[in-house]
Amino acid sequence: PLVVLVIWLPVCGYFAFAAIREGSALSVILGLVLGLFLWTLTEYLLHRFLFHFPPRSQRQERILFLFHGVHHAQPKCKTRLVMPPVVSIPLAALFYALFWLVLDRALGLPAWLPPVFSGFIAGYLVYDLTHYATHHFPMRSITQDSQCPIGVSSPLWDLVFGTMPK
């Protein structure tokens, strides 16, 4: 988890600083909140529909097991609890490009790009560190149950989509 902080905390800080330098107080605050909100939705959708995609063949089952299933098979394995940089860096670049296309090009709001991306990365940090903590520190919460919510960093989308365990 230290690698996650070393890589992403400076990125988050850089974009937060750029947001403060380039935008108004309102756009910075709203952009950060929007970025966090978008992260929680992204986390939920990826976890529900990609990581827990129902395999339709033996090959898909093997790929999904290697991609995410092994994490459930070995939940205490410290090397499988945070997203490796070889995956997280290209994904972050992809999301940055998507935010740039929407905020800068489509909507003409370039000042919103830094705070939204900073909020998104901050949400990712909360997610990855929370996920690690739930597997390695004693916690009294639903995250330790076998019937866990899909959202790790927020129950919002489990409530919206009706996937919150009883």
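As shown above, the structure is provided for reference.
Now for a look at the structure at hand. Throughout, residues of each chain are indexed from 1 in the direction in which the sequence is written. Predicted model: local features are reported for residues with pLDDT of at least 70 only, side-chain atom pairs are reported and counted for 80 or more only, and whole-chain, interface and lining totals are derived from all residues. Water and hydrogen atoms play no part in the side-chain values, which are based on all heavy atoms of the structure.

## Comments concerning the packing of aromatic side chains
Pairing of aromatic rings covers Phe, Tyr and Trp, the last counted by its six-membered ring, and requires centre-to-centre distances within 6.5 Å; plane angles under 30 degrees mean stacked, over 60 mean edge-to-face, and any other angle means tilted. Throughout the structure, instances matching the rule amount to 16 aromatic pairs. Ring centres 5.0 Å apart and planes at 85 degrees place the aromatic pair Phe99 and Phe120 in the edge-to-face group. Taken together, the residues Phe99 in helix H4 (residues 85–106) and Phe120 in helix H5 (residues 113–136) connect sequence positions 21 residues apart. Just as Phe99 is buried, Phe120 falls in that class too. Measuring from ring centre to ring centre gives 5.9 Å for Trp157 and Phe161, while their planes differ by 25 degrees; the resulting arrangement is stacked. Taken as a pair, Trp157 and Phe161 lie in helix H6 (residues 156–161) at a separation of four residues, close to a single helical turn. Numbered from the N terminus, helices here are DSSP runs of H or I no shorter than four residues, and strands are runs of E no shorter than two. Only protein chains enter the accessibility calculation, which uses a 1.4 Å probe. A residue is then buried if its area is under 20% of the maximum for its type, exposed if over 50%, and partly exposed in between.

## Some points on the environment of Ser118
Relative to the elements of secondary structure, Ser118 occurs in helix H5. Here Ser118 falls in the buried class, since its relative accessible area comes to 2%. Residues Ser118 and Ala16, spaced 102 residues apart in sequence, show a C-alpha to C-alpha distance of 5.5 Å. Two residues qualify as a contact provided that any one of their heavy atoms is within 4.5 Å of a heavy atom in the partner residue. Not counting residues within four places of it along the chain, the set of residues in contact with Ser118 comprises Cys12, Phe15, Ala16 and Leu32.

## Description of the pattern of salt bridges
Throughout this description, the term salt bridge denotes a Lys or Arg side-chain nitrogen within 4 Å of a carboxyl oxygen of Asp or Glu. Per the counting criterion, the structure on display carries one salt bridge. Note that Arg21 and Glu22 form a salt bridge whose closest N and O atoms lie 3.3 Å from each other. Overall, the relative accessible area of 44% leaves Glu22 in the partly exposed class.

## Points about the nonpolar core
What tends to happen in soluble globular proteins is that the nonpolar side chains get buried as a cluster. We define the nonpolar core as a collection of buried residues of types Ala, Val, Leu, Ile, Met, Phe, Trp, Tyr and Cys that are connected through side-chain atoms lying within 4.5 Å of one another. Core analysis: the largest hydrophobic core is formed by 22 residues, its most contacted members being Val4, Trp8, Phe99, Phe117, Ile121 and Tyr124. Among the secondary structure elements, those contributing two or more residues to this core are helix H1 (2–22), helix H2 (25–51), H4 and H5. Of the residues forming this core, the biggest block, nine residues, is contributed by H5. Apart from the residues lying within four places of it in its own chain, the contact partners of Phe117 are Val11, Phe15, Ala92, Phe95, Tyr96 and Phe99.

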